[in-house]
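The primary structure of each chain is shown beneath.
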Amino acid sequence: MAIIDRKSNNEKRNKRIAKNTTLMFLRMLLLTIINLYTVRFVLKGLGVIDYGIFNAVAGVVTSASFISAVLALSIQRFFSIALGQEDEDRLKTIFSASLNIIIILSITIIILFETVGLWFISTQMTIPAERMTTAIILYQCSIFVFFFSLLQIPFTAIIFSHEDMGVYAIISTVDSLLRLALAVIITKISIDHLVFYSIGLLVESGVVSLLYIWKGGKYEECHYTKTKDKILYQHLLQFSGWTMFGSLANMGMNQGNTILINLFFGPISNMAFAIAMQISNAFNALSNSMVLSFRPAMMKAYAQEDFLYVTKLNFSNKITYYILCSIGLPIIVEMRTILYVWLGRADEETIYFAQLMIVFTFLLALNNPISTIVEATGRIKEYHVAVESITLLTIPITWIL
């Protein structure tokens, strides 16, 4: 009887995964189109100088955005395991502990941004004197946009863990549409466009965070209670720390190679690599959005010790890989034409970089089930030490070559 029930549950899971994968794929395609138009309107509305100021100043804050991604994945992992074990008390404890960590981290980061970050913006960055006040307003708004992104993490994590991808797809699409509307508005108004855009992004991010908190708060486990479970705090922080090490290693690889390309080949090669990285980021975003569909299911199955189903879920990774190949291979073949249409130019170096980065994304996609299962075990120290050490070796190897 237990075998029949498990088989029935797995069939339901498979249908949910198929539905969620389709949703996330369609969401990513829609958001890509919306974001392309958003960038065009923002550039038109702000102008070249203010657009440069916006990217430089906001970039000081968004450089820490990888912290949000790391925390979201870590907290989601603990939620998924507890859901698989059907431990309701554990879920409530995880939610409260993660919220405490987020609040303390938010206060710490805000203090750093308001001291060291503010000094850096005011004294070290090249900003026209007449736009300094505007830049400071932009910076303050960016800080609280980042704060809202941190605050919503426990709620988005529980939505992912419950595999409620429809909610995430709807809210993230609303997020992009609001940003597009804001970008269109700044091309029509007569007041300071950068100030208006900065305040508008702050309000928009607050609205989106409230939507996530509202939807996530409907789950029974999303009720705050005091918790002093030191072991849980320790596990959450250790898991986040090693995951963050992985993110920093990848960031170091990309930035290190950017510096080496500049030193050996100059700014033209840097431009080619930067364009290739944009294409790579788009493919990674597509891959990751589909991985989100089966990641919680794999972790729940592991928590229930249904290892046969965990193995079968590797098929989902094959689907993701085949979808990436079906999109990526034609792009590789027609890269010259695509670059001409997109940028109006297509030099050989940019074509080669872009093609190689797509192949690199294909290879990364094969790793998804392995890293997910390792995360489910919780024994990630050995994994990250081995993998990220090899990742960081790319810098000296590139320098030698």
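In case you missed it, the structure is sitting above this.
Scoring rules and cut-offs
Counting of residues starts from 1 at the beginning of each chain's written sequence and follows it residue by residue. The model is predicted, so local features are restricted to residues of pLDDT at least 70 and side-chain atom pairs to those at 80 or more, both for listing and for counting; the totals for chains, interfaces and linings are taken over all residues. No hydrogens and no water enter the side-chain calculation; it runs on all heavy atoms of the structure. By the criteria applied, helices consist of DSSP H or I runs no shorter than four residues and strands consist of E runs no shorter than two, each listed in order from the N terminus. The globule rule used here is 2.2 Å times the number of residues to the 0.38 power, and the radius of gyration it is set against is calculated over C-alpha atoms. The buried label goes to any residue with under 20% of its type's maximum accessible area, the exposed label to any with over 50%, and the partly exposed label to all in between, with areas taken from a 1.4 Å probe on protein chains only. Contacts are assigned to residue pairs that have any heavy atoms within 4.5 Å of one another. Throughout, the Shrake-Rupley method with a 1.4 Å probe supplies accessible areas, and for residues the shown protein chains are the sole cover considered. As used throughout, the charge tally considers Lys and Arg to be positive and Asp and Glu to be negative, leaving His and the chain termini uncounted. To locate a charge, take NZ of a lysine, CZ of an arginine, CG of an aspartate or CD of a glutamate. As used in this record, nonpolar core signifies buried Ala, Val, Leu, Ile, Met, Phe, Trp, Tyr and Cys residues forming a set joined through side-chain atoms within 4.5 Å. Centre distance within 6.5 Å is the pairing criterion for rings of Phe, Tyr and Trp, where only the six-membered ring of Trp is used; planes under 30 degrees apart are then read as stacked, over 60 as edge-to-face, and the remainder as tilted. Here, a charge over a ring means that NZ of Lys or CZ of Arg falls within 6 Å of the ring centre while also lying within 35 degrees of the ring normal. An expected span of 1.5 Å times one less than the residue number is assigned to each helix. Between N-to-C directions, angles span 0 to 180 degrees; the directions come from axes that are lines fitted to C-alpha atoms, helices contributing only their stretch in contact. Between 65 and 115 degrees an angle is taken as roughly perpendicular, under 35 as roughly parallel, over 145 as roughly antiparallel, and anywhere else as oblique. Here a crossing is called left-handed whenever its near helix is offset anticlockwise from the far helix by less than a right angle, and right-handed whenever the offset is clockwise. Classification convention: Asp, Glu, Lys, Arg as charged; Ala, Val, Leu, Ile, Met, Phe, Trp, Tyr, Cys, Pro as nonpolar; all other residues, Gly among them, as polar. Any Lys or Arg side-chain nitrogen found within 4 Å of a carboxyl oxygen on Asp or Glu counts as a salt bridge.

Draft legend 1. Focus on the overall build of the chain. Check the secondary structure of the chain and you find 15 helices and zero strands. Taken over C-alpha atoms, the radius of gyration comes to 22 Å for the chain, in line with the 21 Å a tight globule of 401 residues would show. Each principal axis of the C-alpha distribution contributes one length, and for the chain these read about 70 × 50 × 40 Å. Buried positions account for 46% of the 401 residues belonging to the chain. Pairs at least 24 residues apart make up 83% of the contacts formed inside the chain by residues separated by at least 6 positions. Of the roughly 20600 Å² of accessible surface on the chain, 68% is carried by carbon and sulfur atoms. Distance from the positive charge centre (29 side chains) to the negative charge centre (26 side chains) of the chain: 4 Å.

Draft legend 2. Quick look at the nonpolar core. In this structure, F54, V57, F79, Y139 and Y197 are the most contacted members of the largest nonpolar core, which totals 65 residues. Only α1 (2-62), α2 (66-84), α3 (88-123), α4 (132-151), α5 (153-161), α6 (165-185), α7 (193-216) and α8 (230-265) provide two or more residues apiece to this core. Leave out the neighbours within four places in its chain, and Y197 touches V42, L46, F54, L182, A183 and I186. Counting 23 residues, the second-largest nonpolar core is a separate cluster that includes I261, M290, C325 and I351.

Draft legend 3. Region of the structure containing the environment of K19. Structurally, the position occupied by K19 is in helix α1. Put simply, K19 and A249 are 230 residues apart on the chain and 34 Å apart in space, counted from C-alpha to C-alpha.

Draft legend 4. Here's a closer look at the side chain of S98. Secondary-structure assignment places S98 in helix α3. Under the relative-accessibility criterion, S98 is labelled buried at 1%. Not counting residues within four places of it along the chain, the set of residues in contact with S98 comprises I75, P154 and L236.

Draft legend 5. Inspection of the packing of aromatic side chains at higher detail. As enumerated under the stated definition, the model contains nine aromatic pairs in all. With a centroid separation of 6.1 Å and an interplanar angle of 75 degrees, the aromatic rings of F113 and F146 are classed as edge-to-face. Note that F113 is positioned in helix α3 and F146 in helix α4, a separation of 33 residues in sequence. Each member of the pair F113 and F146 is classed as buried. Seen in terms of ring centroids, Y321 and F362 are 6.3 Å apart; in terms of plane orientation they differ by 70 degrees. Their pairing is edge-to-face. Remark: F362 occurs in helix α13 (residues 348-365) and Y321 occurs in helix α11 (residues 314-333); sequence separation between them is 41 residues. Residue Y321 is classed as partly exposed on the basis of its relative accessible area of 23%. Clustering of aromatic rings is evident, with ring pairs tying together F113, Y139 and F146. Over the ring of F78 we find R77; its NZ or CZ atom is 4.7 Å from the centre of that ring. Sitting above the plane of the W214 ring, K215 keeps its charged end 5.1 Å from the centroid.

Draft legend 6. Expanded view of α8. An ideal rise of 1.5 Å per residue puts 52 Å on 36 residues; α8 measures up with 51 Å between its terminal C-alpha atoms. Taken from the residues just after α8, G266 is the one with a positive phi, measuring 95 degrees.

Draft legend 7. Region of interest: the packing of α6 against α7. Contact geometry for α6 and α7: axes closest at 10 Å, N-to-C directions at 165 degrees. Between α6 and α7, the crossing angle belongs to the class labelled roughly antiparallel. Crossing handedness for the pair α6 and α7: right-handed. Contacts between α6 and α7 involve V167, Y168, I171, S172, V174, D175, L178, R179, L182, A183 and I185 from the first element and F196, Y197, G200, L201, E204, V208, L211, Y212 and K215 from the second. Considering only residue class, the contact of α6 with α7 consists of 14 nonpolar, two polar and four charged.

Draft legend 8. Region of the structure containing the pattern of salt bridges. Applying the stated criterion to the full structure yields five salt bridges. We note a salt bridge from D175 to R179, for which the minimum N-O separation is 3.1 Å. Note that D175 and R179 are positioned in helix α6 at a spacing of four residues, about one turn of the helix. Its salt-bridge partner being E204, residue R179 comes within 3.5 Å of it at the nearest N-O pair. Taken together, the residues R179 in helix α6 and E204 in helix α7 connect sequence positions 25 residues apart. Its relative accessible area of 29% is what places R179 among the partly exposed residues. By relative accessible area, which is 5% here, E204 ends up buried.

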